[in-house]
Amino acid sequence: DAGVIQSPRHEVTEMGQEVTLRCKPISGHDYLFWYRQTMMRGLELLIYFNNNVPIDDSGMPEDRFSAKMPNASFSTLKIQPSEPRDSAVYFCASSSMGQKLFFGSGTQLSVL
Amino acid sequence: AQTVTQSQPEMSVQEAETVTLSCTYDTSESDYYLFWYKQPPSRQMILVIRQEAYKQQNATENRFSVNFQKAAKSFSLKISDSQLGDAAMYFCAYRSPPGNQFYFGTGTSLTVIP
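A short tour of the structure in this document, coming up. Treat the numbers as computed from the prediction; the structure is a model and nothing was measured. (Residues numbered from 1 in each chain as written. Chains lettered and ligands numbered in written order. Predicted model: local features only at pLDDT ≥ 70, side-chain atom pairs only at ≥ 80, totals over all residues. Heavy atoms only, no water.)

## Notes on the pairing of strand β9 (residues 88-95) of chain A
All names here are of chain A. Most of β9 is tucked away: eight of the eight residues are buried. As judged from the seven bridges shared by strand β4 (residues 31-38) and β9, these two strands associate in the antiparallel manner. What sits directly across from Y35, in β9, is F91. Sheet analysis places β9 next to strand β11 (residues 107-111), joined by three bridges and oriented antiparallel. Across the sheet, residue Y90 finds its bridge partner in β11, namely T107. Bridge count between β9 and strand β10 (residues 102-103): two bridges; the pairing is antiparallel. Its bridge partner being in β10, A93 is matched across the sheet by F103. (Buried < 20%, exposed > 50% of the residue type's maximum accessible area, 1.4 Å probe, protein only. Helix = DSSP H or I, 4+ residues; strand = E, 2+ residues; numbered from the N terminus. Pairing = 2+ DSSP bridges.)

Encoded structure:
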């Protein structure tokens, strides 16, 4: 298996633009997580899905952030409009129940 | 709510020596999982070791071992014969079956001195 695949690896955008981050989980995993990592706040759970259904989105910072999982093999995290404070590394990760978390390589987002 | 605490923001160790990274967690659950992840400068998150709470025996993976104290809610990572490649940020994580979220500590930055 290729592992969790995220794209893009780097994204540079201007404030106010829409940003879409993409994730393909490992086949057969029924949990998908989106994390944000910053120096100040560490790893923050934004949202997670179970069987494509959002279970807990309490970590989503505000309405500018939205996440979808239209099927078992694809998820997106969208920020609209983006702000400089959204600059961070965004990780997607997938797992089966009780098992370890497999991380993607992350998307480094810079909002200018 | 479950919390994971890593009280050592930075640690250093001499190459070939042993170092222990601390982690405590708070939970009311009896069945859960604990993990240590390593994040080198490449930023890839790599699983180091995993422990099931129902197992009394401490997990080991080559030079990596844990000291799991369930009553004290403590889960420390011991790295023996430290190597330069061990230099990284180390995260302790907790996973509980009911919600299946992963909760991460704030990390410990490990420096290995040649």
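## Some remarks on the side chain of S65(B)
Locating S65(B) in the fold gives a position in strand β8 (residues 64-69). Excluding residues that lie within four positions of it along the chain, S65(B) makes contacts with I49(B), A59(B), T60(B), S76(B), L77(B) and K78(B). (Contact = heavy atoms within 4.5 Å.)

## Description of the packing of aromatic side chains
All names here are of chain B. Evaluation of the coordinates by the stated rule reveals 20 aromatic pairs over all chains. On the basis of an interplanar angle of 80° and a centroid distance of 6.3 Å, the ring pair of F68 and F75 is categorised as edge-to-face. Judged by its relative accessible area of 0%, F75 falls in the buried class. Here Y94 and Y103 contribute two aromatic rings whose centre-to-centre distance is 6.2 Å and whose plane-to-plane angle is 45°, an arrangement assigned as tilted. Residue class for Y103 comes out partly exposed when judged on its relative accessible area of 23%. (Phe/Tyr/Trp six-rings, centres within 6.5 Å; stacked < 30°, edge-to-face > 60°.)

## What to know about the sheet that holds strand β1 (residues 5-7) of chain A
Residue and element names in this part refer to chain A. If you trace the four strands from one edge of the open sheet to the other, you get β1-β3-β8-β7, paired in antiparallel fashion. The open sheet has two edge strands, β1 and β7 (65-71), and neither has a second partner. Each adjacent strand pair in this sheet contributes to an overall mean axis angle of 15°, direction not counted. (Axes fitted to C-alpha atoms, helices over the stretch in contact; angles between N-to-C directions.)

## Re the pairing of strand β9 (residues 74-79) of chain B
Residue and element names in this part refer to chain B. Across the six residues of β9, five count as buried, placing the element largely inside the fold. Here strand β3 (residues 19-21) runs beside β9; their pairing, made up of three bridges, is antiparallel. Residue pairing in the sheet places V19 in a bridge with I79 of β9. Where β8 lies against β9, six bridges are found, and the strand directions are antiparallel. Of the residues in β9, the one forming a bridge with S65 is K78. Counting the residues in the hairpin turn of β8 and β9 gives four residues, including K73, whose phi is positive at 55°.

## Describing the interface of chain B and chain A
In this assembly, 17 residues from chain B lie in contact with 25 residues from chain A. Around 1700 Å² of area is buried between chain B and chain A when both sides are counted, 51% of it from carbon and sulfur atoms. The largest per-residue losses of area from chain B upon contact with chain A belong to R43(B), R95(B) and F102(B), which jointly make up 33% of the total buried on that side. Scanning the region where chain B abuts chain A turns up zero salt bridges. Broken down by secondary-structure element, the contributors of at least two residues to the side of chain B that touches chain A are β5 (33-39), β6 (46-52), β10 (88-95) and β11 (102-104) of chain B. (Buried area = accessible area lost by both parts, 1.4 Å probe. Salt bridge = Lys/Arg side-chain N within 4 Å of Asp/Glu carboxyl O.)

## Here's the deal with the layout of surface pockets
Approximately 320 Å³ is the volume found for the largest pocket. Lining the largest pocket are 14 residues; nearest its centre among them are Q37(A), T38(A), M39(A), Q39(B) and M89(B). Counting residues per element, the ones that place at least two in the lining of the largest pocket are β4 of chain A together with β10 of chain B. Per-class residue counts for the lining of the largest pocket are seven nonpolar, five polar and two charged. Its volume calculated, the second largest pocket comes out at about 190 Å³. Forming the walls of the second largest pocket are Y35(A), R41(A), G42(A), L43(A), E44(A), L45(A), F102(B), Y103(B), F104(B), G105(B) and T106(B). When contributions to the lining of the second largest pocket are tallied by element, the ones reaching two or more residues are β5 (42-50) of chain A together with β11 of chain B. Top element by residues in the lining of the second largest pocket is β5(A). It accounts for four residues. Here the lining of the second largest pocket is built from residues that sort into six nonpolar, three polar and two charged. (1 Å grid on protein atoms, 1.4 Å probe; cavity = no way out; pocket = protein on both sides within 12 Å on 5 of 7 lines; lining within 4 Å. Points joined across faces, edges and corners; volume = space filled by probe spheres on them. Nonpolar A, V, L, I, M, F, W, Y, C, P; charged D, E, K, R; others polar.)

Keep in mind that these numbers describe shape and distance, not what the molecule does.
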